[in-house]
Structure formats: structure tokens, C-alpha cells
Amino acid sequence: MINVLEIQAPTVEWMPLLPLLLVFGGAVVGVLFEAFAPRSTRYVLQTGLSILVLLGAGAAVLFQMADLEPQTIAMGLLSHDGPTLIFWSLLILFSLGGVALFAERGVGDGQSAFASSASAVPGSPLEREAVRLRREHTEVFPLLLFSLLGMMLFASANDLITLFVALEVMSLPLYLLSAMARRRRLLSQEAGLKYFLLGSLASGFFLYGIAMLYGYSGGLTLTDVAAAIDAGADNYWLLLLGLVLLAVGLLFKMGAVPFHSWVPDVYMGAPTPVTGFMAIATKTAAIAALMRVFYVGLGGASWDWQPLLAVIAIVSMILGAVVGLSQNDLKRLLAYSAITHAGFLLVGIVGAVEPGEGVTVSSVGAVAFYLLTYGVATLGAFGLLLTVRRSGGEANGIVAWRGLGKTNPVVAAVMTLFFLSFAGIPLTAGFVGKLAVFSSAFQGGFGWLVLVAVILSVVAAFFYLKIVVAMWFQDAEDDSDTVVVTPSLWTWTVVLVGVLATIVLGLLPGGMIELMNNFSEFIR
Amino acid sequence: MLLTVLALLPIVGALVVVLLKGEIAKLVGMGVALSTLVLGVVAVALTISGQALSVSVPWIRPIGAYYALDMTTMDAVLVLLTVILVPVVMLAEWRVGESVTARGTTGGFFSLALLMQGLALFVFLAGDLLLFYLAFEATLIPVYFLIGRYGGDGRSRAAMKFLLYSLAGGLVLLVGVVGLYAVAAGEGQASLLIGDLGALDLNNTTGHLLFLAVFFAFAVKAPLVGLHTWLPDTAQAATPGTSTLLVGILDKIGTFGIIKICLVIFPESMQWAAPVVLVWAVVSMIYGALMAFQSTNLLRLVSYTSISHFGFMVFGIFALTTQSLTGSIFYMLNHGFSTAALFLMVGFLVARRGSADIHAFGGVQRVAPVLAGFLLISGLSALSLPGMATFVSEFLVMAGSWQRYPVHTAVITLGMVLAAVYVLRMYKITMTGPVTEQVSTHVNRDLSLREKAAVFPLLVLLLVLGFVPKPALEFIDESSTGFLSVAGVQDPTPQLKEGGR
């Protein structure tokens, strides 16, 4: 029998938790809006609420950055240190972009990219009725906030069980969102289901890995695991098994080969704003967790996981680049591009260069910078995908983009900028990102991996150029019905931020790299 | 400051020109190019008079990159080449946008040419390895569009091939840059200034490997045989003005980089690799000459002559004597003029006939004597006739390398003979003999005033530098002595008294 009086009240550090609480509170209020606010006001309420909450959380993170005391909070469940804040700020930034794309109603007859009634059978009378009434799902905004909450937890969890809970919190809303496209609903539902099934499988592996690590170390926090490795605990095979299984779960979320099979289908089926958000935010959260688990918890076993991640980096880069070459659909192509980028990011992770004497570019700083450059370009590119349309919705085939340089030079030029950044062409932010991850990998003793990565980035450049060629060097088909719709301010903002960030971070990246480098030390 | 303005002026000009339309765009573009020419000459004059124009400001602190520009003697030579060739090409391509195959306007062409010029100037002036690399890679973008939008048949493929080859070279260079950063950071002094990197001790395996990475990029750019296949395809598909800019200016970055980067940072590795590279360069030279001899496409032919000449330049650099290095640097300058003249003249010819097939011509000198004359002089400069500037530089290379590498030098002489054969064969087939019916219908006008004005200055420069090379050579000699002393290489003691200049 537990004596109630003997349970000590947990100490909770409210101020460090403020960003999480704001996001969580915003999401809950959003749900209440859905229940009580009149349908006609919900769009305004939800977008306003989401933006406010995100700005508030962002401001809170910035304040914490100014005055950071690294510590573990919430009874050792979460870490509140430099990397946590860096990844939180990235996640909040990307979510702002995500909300803006979710809120875009200017391109498809004044309606959002989401189904009018996601639960109705496609083509059924119920759906037609919902479309006629111009209903829309404004639940997408609280769903995004819930997902963000999971991601932020995921990026800061110091405890394996918390990590698992965070994984589920961030994934479940994404499964739903993926299935909610207005056009081509069957494809979207298939994507959602596929993501859900494979995601559950990966979660299973992840949980099993946690069990193994518990068996090895007898504890659940990363500190316990690290201590067990340092002490040279018996049953090393339990550690190895746990390490591999945990990696499966994390690499699945990252979309690295061989756990990538969901990526192209989900990217293609999901509504474009969701794809944009998911593409970058999920990846950021997964990488943040991956680095924390491997550097802090499993740092003592780095000889065992570095070769593993190096191999996965190489196969991800190869498969993404080579299969991407044969894609004719822009969303699929961006999906394979995401797989390639997962590989490049892993190159940065493998080196495991910790900040310290003589280290000017640490692994965490480099990877965070890369994510920033990749994120702004990704959100911008998906924003532009919304605007180029044909009668049946978005025109995602490469054929439809032919001759765009002549008919709409602005959109073509901006898209070209984003693709050059993806390809890592100098003077764009993408180049500096690659330079940073390569530098840290080289310093970590992986010069050969840098050489491989560099060669593969040429192959990857080829498939980005395919679109550039289509836009600038080819003429539109005679019967092409591609039109460029002028979107509302939402999308323009995202695109504009993407353009500015891509140029500025390409030309003057010094301060940003330095900043991220200063916040790259994990608390142990 | 002056150097920043010099390099930025064409880039800003490019942005302005792209916003303008029609004749005004062309005039503004030409105005910018001429202003750059004036500014470039002023900067070079100031350098000769001993003024230091360098700037150095920290740029990306964590990586140790600086915004550093300076102008040494060799830089000045290439800056001159760059500022002279761009207005010449603009004049020659004054109507490029009116051709049926062009996808852009003439203004667009000028804009891209200016953009390329500005970036090339940054390459030649950079005192920091990352800045050098950035500008080096960025030049690919304007050239890619120049080929892809203004070329003829197969341009899309050629543009892609060009880009992928250059990108492969460039990104391997990036490995070198990153590696040098890692070595420098490991020594506790993360700085990418070329001078600082030169102070690192790289006489070890890491150093040799990094050298190979850097050298590879330059061997693609100044194409050595095996890495050259992009060049003939590009020259065939691109408009002659583009080829001129590409071969005349951008490919010089290869030889320039070997001297400015490899020789300064990796002197030991240069000597370590010299035996192989020298043979490679000689093979390149002979191969280029033989391919030029059997080419039936005039544009391909000209590009093969350049491969041959680049082999010559690389040979002179790796021979590592003051004379041969001076010869190579001087060759960069006058090969730029010579190949520009040849490309543009062949371009005028091909534009009239509508075909680049060598057998589509015959007896042109009867219908267009001035054109034939200009082509002959350009051709003679390519075969290094005494009296032409190219002769002086080839002679210097051979004189300098003879003592160390007599066998190589003997084989190179064979290359010079082959040069005479391919140029004269080309002239004979196209210009002499009876006038064919096709030629008389298509080649119905001689060189226009504009075309003459474009090529004439090049031929004058070639002749002047050929007859009075001494001032230029003294200027360059200073530079090559400097490079060799930085590299710590001694000239072989002469067995005979030096002579022949």
C-alpha cells in the first residue's frame, strides 16, 4: 500500500517549460474553438491563435537563449540545454511556415488544400454536400500544434519513455493530416494509412530498443545508459541490439534508407502544405533526438554506431539521387530529394564533433544550420507548388512546368533559386549548409565520407537541374493548361522569407553558424 | 576598395541590363563592359606602380574565411585578359539574340556575360580559398545559361555535360577546401587565406591527397586529356562568343589555380606529382593536336587546338623553372587573345554558311578576302609563328624545361609541327581552291565593320606582344620568381649562357 502522504510533490520548472506549455495550451484552446465557436469564425480564430501561440513560444525560446542555464528539468525527463533551444526555435520557425501554408485559401477557388469532409467516403453524397456548403476542416491547426508539441518534446527528451511518448504525440496528428487532401482523396487516404502502418511498425522497433537498453543499463534516462557504457556493463549485445532498434525508429522518421519506403507515397498523397510541414519539421525533430540519444546516451559506444550511420548515409544519398533521377512528378522528386538530404545530414552527424577547444564548427551546429537552410527552401518550394495549377488541382508533373521561365519568370526564378540551394550551388544557403556538415565530418575523421558525399551531390544536382531545364530551356506543350495562380499573402510570406533566407544565409552565414555553434553543447 | 568595385561593377551592371529591353540594354551592357575595361586597366597600372590595393575583412569567422582581394602580377595579367575579352565578345555577338535558335535576347546574353566577367574577376583577385571557390563555382551558372539559351543543336545536352563535369571538378575542390580547413583548424589557426594555408606543413599523405583533390578540379577546367570531353561538345553547341568566354577566360582558372593555389599551398606535392603530370600534359598536347587535325567540325577543331595549348601551359608550370613558368603565364594571356580571335572568326564564317562542316567550305578567300586574311592571322597565332606573342611564350616554356626534361621537350616540338599542319589544313580546305556553289550563295558578304572592329584589336595585341614582349615579360618574370621562391624551388644551373629572349 502506498501512503499518499509520502509521495513528494514533483518539482516543475515552469519557466523553461513555457514554450511547451504555450504550444500545448494553444492546441487545447484550438480544440475548444472547434467545439464551441461558430463555423464561420473558426478559420480566423484558428489561424490567429496558432500564429500568436507560435510567436509567443518563439519569443519565450529567444528569451531563454539570452540567459541559458543548462539543466535537466521535469524530474530529469527533459533536458534544457543549447541544442534543445536551437532545435525548438527551428521547429517553431518551420511551424510558422506550416501554419501559413495550411491557411492558404487563395489558390483553389477560395478553399484550403484540405478535404471538406475528411470522414466522408470519396465521391459519396455526403462529400458532395460538404463541398456544396463549402465546409472546411479547421482542426488542422490544432493538429499541427499537437504535432509540434510532440516534436519539441522529442527534441529535448532525456528519458527513453518520454522519447517514445513524444514520438507518438508528434506522429498521430501527421497520420491524420496526411489523409486529408481535397483532391485525389483516395491517394491521400492511402498515404495516410501507409504512413500509419509503417510508422506503428517503426514505433514498435523503437519500443523494443528501449526495452533492450533498459535491460542493459537498468535505467531509462540517457545518463543511466551512458553511465552503464562507461562502467563497461555486461551483456554488450543487449546494448548493440538496443542501439540498432532505436536507430531504426529514428531513421524511419528521418526518412533514411532502408526505412524510406513511405516517403515518396506520403509526400505525394498528402496535401501539399502538410507535405511541406512534415518534410522539414519531422526531420528536424528526428535528427535532434537522434543526436541527443547517440551523442549523450550512446556516446561511449560511438565506435559501434559511427560505421553504421556512415553506411546508411551513403546508401541514402545514392538511392535518393539515383531513383530521384527517374521521377516525373515534382512532389515525388522532392521526396527523393528529402531522402538524399537525410543522407547528407547523416554525414554531418557521423563525425560527432563536440564543441570545445579549436572546434569552430561542431556537428550539432553544422546540422542545425543545414536544417535551417533546407527548411526555408523546402517550405518555399512547397508553397510554390501550390500556385502552379491546372484544371484538376496542382500541376505537379514536370511536363506542366515546361516553359514557365517564359510565361512566369518570377515563379520560375524563385523555384530555380530554391533548387540551386537544394543542389548546394555556391552563393545559396544550401551550399554553406553542405560546407558546414562536410567541415564537421572532416574534423571528426571522416574525410573519405566527405569525398563520397561530394561525388553524390553532383548526381543529386542533376535531378534538380531537370526542372531548371524544363522551366528555362523547354517550351510549354501546345495543349498545356498550366496556370500560375496568385496566392494570398500567406504563401507569399513563406516564399519571400525562403528567398531572403536563402540569399542572406548564402552570402553572410558567419553569425548564424557561430550562434548555433555556441548552443551546441549537450547537458550530460 | 577599387578591386571590390572592379569586380562588382559588371555584376551590378548585369542586374541592370537584365531589367532593360532592346537596344538600350545592349548599349548599357557595352557601356558597363567598357567602364570595367577602363577600371581594370587603372587597377593594373596602379599595381605596376607599386600601390597595394588589397582588402581583407573577416567574413565567416567559424570557418576562418575572409573577404580578401589582392592583385599580384599574375592576377593583373588575367584581369587584363578578362576586361579586354568581354567587350570584344559583346561586339562580335551584337546580334546573337536575333538568331532563330536563340531563346533569349541579346541583352540577356550581355547580362550573363557581365555576370560571368564579375565572377571571374573575383576568382582572379581572391586572396581567400573559400572566396576563390565560391566565385569559381558560381561562374558555372551564367555559362550554363549562355550555352543552354544561345547555342545551336544539342545545346541542352552540352550545357548539362559542361555543368556536370565542372561541378564534379568543383565539388572535389570543395573536399580540398574542407580538408585544408580541417588541417588548419587542427593546428589551432582556422584561416582560409591562401597565404596562411601556404604556411601549413603539408608534406605528408594528407597533403598529397588534398593536392590531388584540388588539382583534379583544375585539370577539368584547363582540360587535360581524359577530362576534356565536355569541351568539344560545348564548343560545337554553344555560340562562338560563349566559347570564347569559356576557353579564353574561364578555362584559364585551371592553370591560374594550379599556380596560385597548388604551387603556393602544396609545393612539395607539386614536385611529387610532376613526373606523372608532365607526361599527362605532353600526351594532352599531342592528342589535342591530332584530334584537331582530324576534326571536320570547325568549332570542334578550334576547341581541340585549345586542349593542345592547355597541355603546353600545364607542362610549363610543372617544369618548375622561372622561364617556363613565365612562359606559361604569358601564354595564358596570349592564348586568350589567340583563341578568341580564332573562335570569333570561325564563328563569323559559320554564321554565313550556316554549317560548321569543314567540307562545306572552299575558296572563301575569293569571295571574302578580308575574312580570309583575318582568319589566316588568327590561325598563324594559334600555330605560334615567330612574331606572334604565342611564339614567345611557347619558346620560353621549351627553353625553360629543356634542361630538366629534354625528352619531353623534344616530343613537344612535334606538337608544334602538328599545330602548323592542322591550322594550314583548315585554311587550305576552307579558304583556297575553287569557289563552290554553296559558298558563293551563302558567303555573300565580307567582314562588316563591326566584325572587323571586334577582332582587329586582338590581332594587334598578338602582334605587339609578339614583337615587343620585353616589358610584359619583365613584369611577369617578377611574379614567377616570387612563386618559385615561395615554393622553395631552385632553377637548374644553366650549362649555357641564357639567351634567346
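The structure displayed is predicted, hence computed values, not measured ones. (Residues numbered from 1 in each chain as written. Chains lettered and ligands numbered in written order. Predicted model: local features only at pLDDT ≥ 70, side-chain atom pairs only at ≥ 80, totals over all residues.)

(A) Up close: the overall build of chain B. The helix and strand tally for chain B stands at 22 helices and 2 strands. Computed over the C-alpha atoms, the radius of gyration of chain B is 22 Å, within 12% of the 23 Å expected from 2.2 N^0.38 for a compact globule of 501 residues. Overall, chain B is about 70 × 55 × 40 Å in size when its C-alpha atoms are taken along their principal axes. Counting all 501 residues of chain B, 62% fall into the buried class. Here the analysis covers contacts within chain B between residues at least 6 apart in sequence; of these, 81% occur between residues at least 24 apart. (Helix = DSSP H or I, 4+ residues; strand = E, 2+ residues; numbered from the N terminus. Rg over C-alpha atoms; globule rule 2.2 N^0.38 Å. Buried ≥ 20, exposed ≤ 12 C-beta atoms within 10 Å, placed from the backbone. Contact = placed C-beta atoms within 7 Å.)

(B) A look at the overall build of chain A. A tally of helices and strands in chain A yields 20 helices and 5 strands. Against the globule reference of 24 Å for 524 residues, chain A gives a C-alpha radius of gyration of 22 Å, in line with a compact fold. When its C-alpha atoms are laid out on the principal axes, chain A stretches across 70 × 55 × 40 Å. Counting over 524 residues, chain A shows a buried share of 58%. Here the contacts in chain A between residues at least 6 apart in sequence split such that 79% fall between residues at least 24 apart.

(C) Seen up close, the interface of chain A and chain B. Between chain A and chain B, the contact holds 27 residues from the first and 29 residues from the second. Of all the secondary-structure elements, those providing two or more residues to the side of chain A that touches chain B are helix 17 (429–443), helix 18 (447–473) and helix 20 (510–518) of chain A. Among the elements that line the side of chain A that touches chain B, the one with the most residues is helix 18 of chain A, at 11 residues. Grouping the amino acids of the side of chain A that touches chain B by side-chain chemistry returns 18 nonpolar, 8 polar and 1 charged. (Nonpolar A, V, L, I, M, F, W, Y, C, P; charged D, E, K, R; others polar.)

(D) Molecular detail of the UniProt feature "domain: NADH:quinone oxidoreductase/Mrp antiporter transmembrane" (unreviewed entry) in chain B. According to UniProt, the feature "domain: NADH:quinone oxidoreductase/Mrp antiporter transmembrane" (unreviewed entry) maps to residues 126–416 of chain B in the numbering used here. Secondary structure across residues 126–416 of chain B comprises 80% helix and 0% strand; the distance between its end C-alpha atoms is 34 Å. (UniProt positions renumbered as here; feature names shortened; annotations may be inferred.)

(E) Main features of unusual backbone geometry. Residues and elements named next belong to chain A. Here Val-257 and Pro-258 are connected by a cis peptide whose omega angle stands at 5°. Relative to the assigned elements, Pro-258 resides in the loop between helix 9 (236–254) and helix 10 (262–269). A positive phi angle, near 75°, is found at Leu-427, a position not held by glycine. Tracing the sequence through the fold places Leu-427 in the loop between helix 16 (409–423) and helix 17. Accessibility expressed as a C-beta count within 10 Å gives 19 for Leu-427, which makes it partly exposed.

(F) View of the packing of helix 18 (residues 389–402) of chain B against helix 21 (residues 449–467) of chain B. All names here are of chain B. Put simply, helix 18 and helix 21 touch, their axes get as near as 6 Å, and they point 45° apart. As judged from the angle between their axes, helix 18 and helix 21 are oblique. Two secondary-structure elements touch here, helix 18 through Ala-389, Phe-391 and Val-392 and helix 21 through Leu-462, Leu-465 and Gly-466. Its residues assigned to classes, the contact of helix 18 with helix 21 shows 5 nonpolar, 1 polar and no charged. (Axes fitted to C-alpha atoms, helices over the stretch in contact; angles between N-to-C directions. Parallel < 35°, antiparallel > 145°, perpendicular 65-115°, else oblique.)

(G) Structural detail: helix 8 (residues 222–231) of chain A. All names here are of chain A. Residues Leu-222, Val-225, Ala-226, Ala-228 and Ile-229 constitute the buried set of helix 8. The arc enclosing the buried residues of helix 8, seen along the axis, measures out at 160°, which places them on a common side. Of the residues in helix 8, the exposed ones pointing more than 90 degrees away from the buried face are Asp-230 and Ala-231. The inward-facing, buried residues of helix 8 abut helix 7 (185–217), helix 9 and helix 11 (272–297). Phi turns positive, to about 65°, at Gly-232, one or two residues after helix 8. (Arc of directions from axis to C-beta.)

(H) Region of interest: the sheet that holds strand 4 (residues 393–394) of chain A. Pairing is antiparallel in the open sheet, where 3 strands are placed in the order 4-3-5 (chain A). Of all strands in the sheet, those with a lone pairing partner are strand 4 and strand 5 (483–484) of chain A, marking the two edges. (Pairing = 2+ DSSP bridges.)

(I) Molecular detail of the nonpolar core. Of all hydrophobic cores here, the largest spans 409 residues; its most connected members are Leu91(A) and Phe154(A). It is helix 7 (residues 155–186) of chain B that contributes the most residues to this core, 20 residues altogether. Residue contacts for Leu91(A): discarding those within four places in its chain leaves Leu148(A), Met151(A), Met152(A), Ala155(A), Ala281(A), Thr284(A) and Ala285(A). (Core = buried A, V, L, I, M, F, W, Y, C linked by C-beta atoms within 7 Å.)

(J) View of the pairing of strand 2 (residues 65–69) of chain B. Residues and elements named next belong to chain B. When you tally the buried positions in strand 2, you get 4 out of 5 residues, the bulk of the element. Note that strand 1 (residues 55–60) and strand 2 share 5 bridges and pair antiparallel. Across the sheet, Val-55 pairs through a bridge with Leu-69, a residue of strand 2.

(K) Looking closely at the confidence of the model for chain B. All names here are of chain B. For chain B, mean pLDDT is 91; residues scoring 70 or higher make up 98% of the total. Element-level pLDDT for chain B is lowest in helix 20 (residues 437–442), with a mean of 84, against a maximum mean of 95 in helix 4 (residues 106–125). For this predicted complex, the interface confidence comes out at an ipTM of 0.79, alongside a pTM of 0.87. (pLDDT = per-residue confidence, 0-100.)

(L) A look at the packing of helix 12 (residues 302–325) of chain A against helix 18 of chain A. Residues and elements named next belong to chain A. One can describe the packing of helix 12 onto helix 18 by two numbers: an axis separation of 8 Å at closest approach and a directional angle of 15°. The orientation of helix 12 with respect to helix 18, classified from their angle, is roughly parallel. Handedness of the helix 12/helix 18 crossing: left-handed. Along its contact with helix 12, which presents Ala-310, Ala-313, Ile-314, Met-317, Ile-318, Ala-321, Val-322, Gly-324 and Leu-325, the element helix 18 presents Leu-449, Val-452, Ala-453, Leu-456, Val-459, Ala-460, Phe-462 and Phe-463. (Left-handed = near helix turned anticlockwise from the far one by under 90°.)

(M) Here's a closer look at helix 20 of chain A. For helix 20 of chain A, every residue scored as buried is listed here: Met512(A), Ile513(A), Met516(A) and Asn517(A). For helix 20 of chain A, the angular spread of buried residues about the axis comes to 135°, placing them on one side. Each element contacted by the buried residues of helix 20 of chain A is listed here: helix 3 (82–102), helix 14 (363–387), helix 17 and helix 19 (489–507) of chain A together with strand 1 of chain B.

(N) Looking closely at the environment of Ala120(A). All names here are of chain A. Residue position: Ala-120 is located in the loop between helix 3 and helix 4 (125–132). Owing to 18 C-beta atoms within 10 Å, Ala-120 belongs among the partly exposed residues under this scheme. For Ala-120 and Ala-130, which are 10 residues apart along the polypeptide, the C-alpha to C-alpha distance reads 8.8 Å. Apart from residues no more than four positions distant in its own chain, Ala-120 is found in contact with Leu-126, Glu-127 and Ala-130.

(O) Summary view of the environment of Ala321(A). Residue and element names in this part refer to chain A. The topology assignment puts Ala-321 in helix 12. Sequence separation between Ala-321 and Pro-122 is 199 residues, and the spatial gap between their C-alpha atoms is 35 Å. When neighbours within four sequence positions are excluded, Ala-321 is seen to be in contact with Thr-340, Leu-456, Val-459, Ala-460 and Phe-463.

(P) Inspection of the environment of Phe419(A) at higher detail. Examined against the element boundaries, Phe419(A) turns out to sit in helix 16. When residues no more than four places from it in sequence are discounted, the contact partners of Phe419(A) are Tyr464(A), Ile467(A) and Val468(A).

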